[in-house]
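Below, each chain spelled out in residue letters.
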2 protein chains.
Amino acid sequence: MSAHRDVLLRDVMDRIGDKWSVTVICRLDDGPLRFNALKRAADGITQRMLSVTLRRLERDGLLTRTVHATVPPQVEYALTDRGHSLHRILAELVAWTEDNLDDIRRCRERYDAAVP
Amino acid sequence: MSAHRDVLLRDVMDRIGDKWSVTVICRLDDGPLRFNALKRAADGITQRMLSVTLRRLERDGLLTRTVHATVPPQVEYALTDRGHSLHRILAELVAWTEDNLDDIRRCRERYDAAVP
């Protein structure tokens, strides 16, 4: 793999592994959502961080942004086929993390107690 | 899921999705490596970033650090069983990313051309 491709691969991996990207992709897997519904579903995200996350995912072709000509206009976000295919793997990663969360917490406590 | 657990889940997801964590876990899946061999295998990583990444993964119980009493002492890193189980999912994520890399690059070029 070329050095440039290697950098691009790491960049994309970093992007899709980002906690807010994972959260947004998981929330949208069940169906399209509007901005405010997404904000409520991604508990703890700021308006700005959600905007940035949505723009990055749209730029990578993982979701689409549709503006409905209502008053006021409504903006809806939906996963693309590529986004759904990524979700299948991310869901495994989330399941693994949930399964291992208690053990990881115990490991951290032991480590922090042993290392000054 | 409690709010605290949700925060911990996102924190762990962020950690294991980090590009250098993924790189280190993939390199160690074939067998233990010493620090310098890991540094060569994780092309582009700085000494400090590799140290930080290894410490975090050790703290999460994903790898072990063994000091061999040679002169000079040699430090070897190896995945734990938990680390290997995470690798199986990360390998799917890397494969997905490689399969989609060209499409994502084209999407980004289109997006950047359309959005001023």
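Going by the structure above, here's the rest.
Residues numbered from 1 in each chain as written. Chains lettered and ligands numbered in written order. Predicted model: local features only at pLDDT ≥ 70, side-chain atom pairs only at ≥ 80, totals over all residues.

## Points about the sheet that holds strand β3 (residues 74-79) of chain B
Strands pair in a sheet through their backbones, by hydrogen bonds, and they do so in one of two ways: parallel or antiparallel. Residues and elements named next belong to chain B. Our working definition: The rule for pairing is simple: two strands pair if DSSP sees at least two bridges between them. Numbering of helices and strands runs from the N terminus, with a helix taken as a DSSP run of H or I at least four residues long and a strand as a DSSP run of E at least two residues long. We call two residues in contact when their backbone-placed C-beta atoms lie within 7 Å. Here an angle of 0 to 180 degrees is reported between the N-to-C directions of two axes, which are lines fitted to C-alpha atoms, with helices fitted over the stretch in contact.
One open sheet holds the 3 strands; their spatial order is β1-β3-β2, and the pairing between them is antiparallel. The open sheet terminates on both sides in strands that have one partner only, identified here as β1 (33-34) and β2 (63-68). Bridge count for β2 against β3 is 6 bridges, and the pairing is antiparallel. Bridge assignment links His 68 to a residue of β3, and that residue is Gln 74. Set on the sheet, helix α2 (residues 19-28) makes contact with β1, β2 and β3; between it and β3 the angle comes to about 95°.

## Structural notes on the relation of the copies chain B and chain A
Test applied: Least-squares superposition of the copies uses the C-alpha atoms of those residues scoring a pLDDT of at least 70 in each of them.
Superposition of chain B onto chain A requires a rotation of 180° combined with a translation of 0.0 Å along the rotation axis, giving an RMSD of 0.0 Å. In short, the pair behaves as if placed about a two-fold rotation axis. For chain B, the residue whose C-alpha comes nearest the rotation axis is Gly 17 of chain B, separated from it by 2.1 Å.

## Structural notes on the environment of Asp 60 of chain A
Turning to its location among the elements, Asp 60 of chain A is positioned in the loop between α4 (47-59) and β2 (63-68). Separated by 48 residues in the primary sequence, Asp 60 of chain A and Val 12 of chain A place their C-alpha atoms 8.6 Å from one another. If near-sequence neighbours (up to four positions away) are discounted, Asp 60 of chain A is found in contact with Arg 15 of chain A together with Ile 104, Cys 107 and Arg 108 of chain B.

## A short note on the interface of chain B and chain A
Applied cut-off: Each residue receives one of three labels: charged for Asp, Glu, Lys and Arg, nonpolar for Ala, Val, Leu, Ile, Met, Phe, Trp, Tyr, Cys and Pro, and polar for the others, Gly being one of them.
Taken together, the 34 residues of chain B in the interface contact 33 residues of chain A. Those elements giving two or more residues to the side of chain B that touches chain A turn out to be α1 (3-17), α2, α4 (47-59) and α5 (81-114) of chain B. Here the element with the most residues in the side of chain B that touches chain A is α5 of chain B; it accounts for 17 residues. Across the side of chain B that touches chain A, the residue classes tally to 14 nonpolar, 4 polar and 16 charged.

## Section: the packing of helix α5 (residues 81-114) of chain A against α5 of chain B
Put simply, the rule is: Just so you know how the angles are binned, under 35 degrees is roughly parallel, over 145 roughly antiparallel, 65 to 115 roughly perpendicular, and the rest oblique. In this scheme the handedness of a crossing depends on how the near helix is turned from the far one: anticlockwise by less than a right angle means left-handed, clockwise means right-handed.
Relative orientation of the contacting elements α5 of chain A and α5 of chain B amounts to 165°, with a least axis distance of 11 Å. Taken together, the axes of α5 of chain A and α5 of chain B are roughly antiparallel relative to one another. When the axes of α5 of chain A and α5 of chain B are compared, the crossing they make is left-handed. On the side of α5 of chain A, the interface is formed by Arg 82, Leu 86, Ile 89, Glu 92, Leu 93, Trp 96, Asn 100 and Asp 103 of chain A, while α5 of chain B contributes Arg 82, Leu 86, Ile 89, Glu 92, Leu 93, Trp 96, Asn 100 and Asp 103 of chain B. Grouping the constituent residues of the contact of α5 of chain A with α5 of chain B by class yields 8 nonpolar, 2 polar and 6 charged.

## A word on unusual backbone geometry
That bond from Val 71 of chain A to Pro 72 of chain A is cis: its omega, -5°, falls within 30 degrees of zero. Looking at the secondary structure, you find Pro 72 of chain A in the loop between β2 and β3 (74-79).

## Some points on α2 of chain B
This is how the line gets drawn: Exposure classification rests on a simple neighbour count of other C-beta atoms within 10 Å of a residue's own: a residue reaching 20 or more is buried, one at 12 or fewer is exposed, and one in between is partly exposed. C-beta atoms are placed from the backbone.
Within α2 of chain B, 8 of the 10 residues are buried, which leaves the element mostly enclosed by the surrounding structure. Among the residues making up α2 of chain B, those that are buried are Lys 19, Trp 20, Ser 21, Val 22, Thr 23, Val 24, Ile 25 and Leu 28 of chain B.

## Structural notes on the sheet that holds strand β1 (residues 33-34) of chain A
All names here are of chain A. Strand order in the open sheet made by the 3 strands is β1-β3-β2, with antiparallel pairing throughout. Of all the strands in the sheet, just β1 and β2 have a single pairing partner and so form its edges. Bridging between β1 and β3 involves 2 bridges; their strand directions are antiparallel. Paired with Arg 34 across the bridge in β3 is Glu 76. Against the sheet, helix α2 (residues 19-28) engages β1, β2 and β3, with an angle of about 95° to β3.

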